[in-house]
Amino acid sequence: MHISVDSDRCIGSAQCAVTVPSVFEQDEDGLSTVIPGREDGGGEPMVREAVRACPVRAITIKETEEV
């Protein structure tokens, strides 16, 4: 999987960072970002819950095929 946050849509509610702090953080503007190197979710089972918790649906997950 590949996780991304749409910074134009994000309102900085931090629900993702609260749900999965090992994958999401807030930048200097208070907007959520994916921690560099954690774009694959790092095997965290709560990533999908963080996506659901986002009030403006700024987080997307793209499934990637394992080779």
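Right, let's walk through the structure included here. Just so it is clear, the structure is predicted and the values come from calculations on it, not from any experiment. (Residues numbered from 1 in each chain as written. Predicted model: local features only at pLDDT ≥ 70, side-chain atom pairs only at ≥ 80, totals over all residues. Heavy atoms only, no water.)

Description of the environment of I35
In this fold, I35 is placed in the loop between strand 3 (32-34) and helix 2 (47-53). Taking the C-alpha atoms as reference points, I35 and A17, separated by 18 residues in sequence, lie 10.0 Å from one another. Apart from the residues lying within four places of it in its own chain, the contact partners of I35 are P21, S22, V23, F24 and E25. (Helix = DSSP H or I, 4+ residues; strand = E, 2+ residues; numbered from the N terminus. Contact = heavy atoms within 4.5 Å.)

Looking at unusual backbone geometry
One non-glycine residue with positive phi stands out, namely A14, at about 70 degrees. The residue A14 is located in the loop between strand 1 (2-5) and helix 1 (15-19) in this model. A positive phi angle, near 55 degrees, is found at R57, a position not held by glycine. Looking at the element boundaries, R57 is found in the loop between helix 2 and strand 4 (59-62).

Here's the deal with the nonpolar core
Nonpolar side chains tend to gather and get buried jointly when the protein is soluble and globular. Core analysis: the biggest nonpolar cluster contains 14 residues, and I3, V5, V20, V23, F24, V34 and I59 have the highest contact counts within it. Among the elements of the structure, strand 1, helix 1 and helix 2 are those that each provide at least two residues to this core. Discounting residues that sit within four places of it in the chain, V34 has contacts with I3, S4, V5, V23, F24 and E39. (Core = buried A, V, L, I, M, F, W, Y, C linked by side-chain atoms within 4.5 Å. Buried < 20%, exposed > 50% of the residue type's maximum accessible area, 1.4 Å probe, protein only.)

What to know about the side chain of S32
Mapped onto the secondary structure, S32 falls in strand 3. The class of S32 is buried, set by a relative accessible area of 5%. Other than its neighbours up to four places away in sequence, S32 contacts V5, C10, A14, C16, E25 and Q26.

Spatial relationships are all this shows, so hold off on functional conclusions.
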